[in-house]
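Descriptive structure summary
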Amino acid sequence: MIPASSSRLIRLSPDGVYVAAVESKTKLTIYERQKGNQNDLVVSAMFTCQDSVDYIQWSPDSELVFAAQLKAATVQIYSPEQPDFRCKITEGVAGLTHVLWAPSSRHLLTFADFNLHITIWNLESQTSLTILKPKTYQAISFSNDNQYLAIATRSD
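What you see is a predicted model, and the numbers here were worked out from it, not measured in a lab.

This part is about the sheet that holds strand β11 (residues 117–122). Taken together, the four strands give an open sheet; going across it, the order is β9-β10-β11-β12, and neighbouring strands pair in antiparallel fashion. In this open sheet, the two strands that pair with only one neighbour each are β9 (98–101) and β12 (127–132). Averaged over neighbouring strand pairs, the angle between their axes works out to 20° when direction is ignored. Bridge analysis of β11 against β12 gives six bridges, and the strand direction is antiparallel.

All right, on to unusual backbone geometry then. The phi torsion at Phe 114 lies on the positive side, around 60°, for a residue other than glycine. Position of Phe 114 among the secondary structure elements: in the loop between β10 (107–111) and β11. For Phe 114, a relative accessible area of 73% corresponds to the exposed category. You will see that Gln 126, though not glycine, has its phi angle at about 55°, which is positive. Mapping Gln 126 onto the fold places it in the loop between β11 and β12. On the basis of relative accessible area, Gln 126 is assigned to the exposed category, the value being 73%.

Bringing the pairing of strand β7 (residues 74–78) into the picture now. In terms of burial, β7 is largely enclosed, as five of its five residues are buried. Of the two faces of β7, the one lined by Thr 74, Gln 76 and Tyr 78 and the one lined by Val 75 and Ile 77 are each fully buried. With five bridges joining them, strand β6 (residues 65–69) and β7 adopt antiparallel strand pairing. Across the sheet, the residue bridging to Phe 66 is Ile 77, located in β7. As consecutive antiparallel partners, β6 and β7 are separated by four residues, and within that stretch Ala 73 has a phi angle of approximately 55°, a positive value.

Quick look at the environment of Leu 64 now. Inspection of the secondary structure puts Leu 64 in the loop between β5 (55–58) and β6. Through-space distance from the C-alpha of Leu 64 to that of Lys 25 is 19 Å; in sequence the pair is 39 residues apart. Residues contacting Leu 64, with those up to four places away along its chain left out, are Gln 57, Trp 58, Ser 59, Ile 77, Tyr 78, Ser 79, Phe 85, Trp 101, Ser 105, Arg 106 and Leu 123.

Turning to the sheet that holds strand β1 (residues 10–12), a few remarks are in order. Here we have four strands laid out as an open sheet, ordered β1-β2-β3-β4, and antiparallel in their pairing. The open sheet is flanked by β1 and β4 (41–48), the only strands paired with a single partner. Within this sheet the neighbouring strands show an average axis-to-axis angle of 20°, counted without direction. Two elements, strand β3 (residues 27–33) and β4, share seven bridges in a ladder whose sense is antiparallel. Bridged to Tyr 31 within β4 is Val 43.

Here is what the cut-offs are and how they apply
Residues numbered from 1 in each chain as written. Predicted model: local features only at pLDDT ≥ 70, side-chain atom pairs only at ≥ 80, totals over all residues. Heavy atoms only, no water. Pairing = 2+ DSSP bridges. Helix = DSSP H or I, 4+ residues; strand = E, 2+ residues; numbered from the N terminus. Axes fitted to C-alpha atoms, helices over the stretch in contact; angles between N-to-C directions. Buried < 20%, exposed > 50% of the residue type's maximum accessible area, 1.4 Å probe, protein only. Contact = heavy atoms within 4.5 Å.

Printed below as a string of structure tokens:
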């Protein structure tokens, strides 16, 4: 059972096995559904984030969850199945307004303040690609087969 004092930041994983909840602004708790009883949740992992968490989101394959900390321009990524896994992405002085998963579940898109740029982070190769002057975080779309990404950009 998730404590009644938990914040409103609660997300169910796409596969329905995990629940992520932010408690006391910086504490991320992962609950796992028990196989025998779908109503019972037990604590699977607990993580402490660097700053106050603004929102959380599960990867499409339910293996990773990120905690976006917009004021700190930071995203921290955790795995309930591998509690020692840690990944931290910092946007720096450009700031951070939005974060989303790519369909691959191994790429993350971060959006800088004032739509200065989008950065696509590859979590496996630990590389990134920056695309300048996107219109907005809503002006992107993945192809139906998830092989391509279209981004509307501004021109001078």
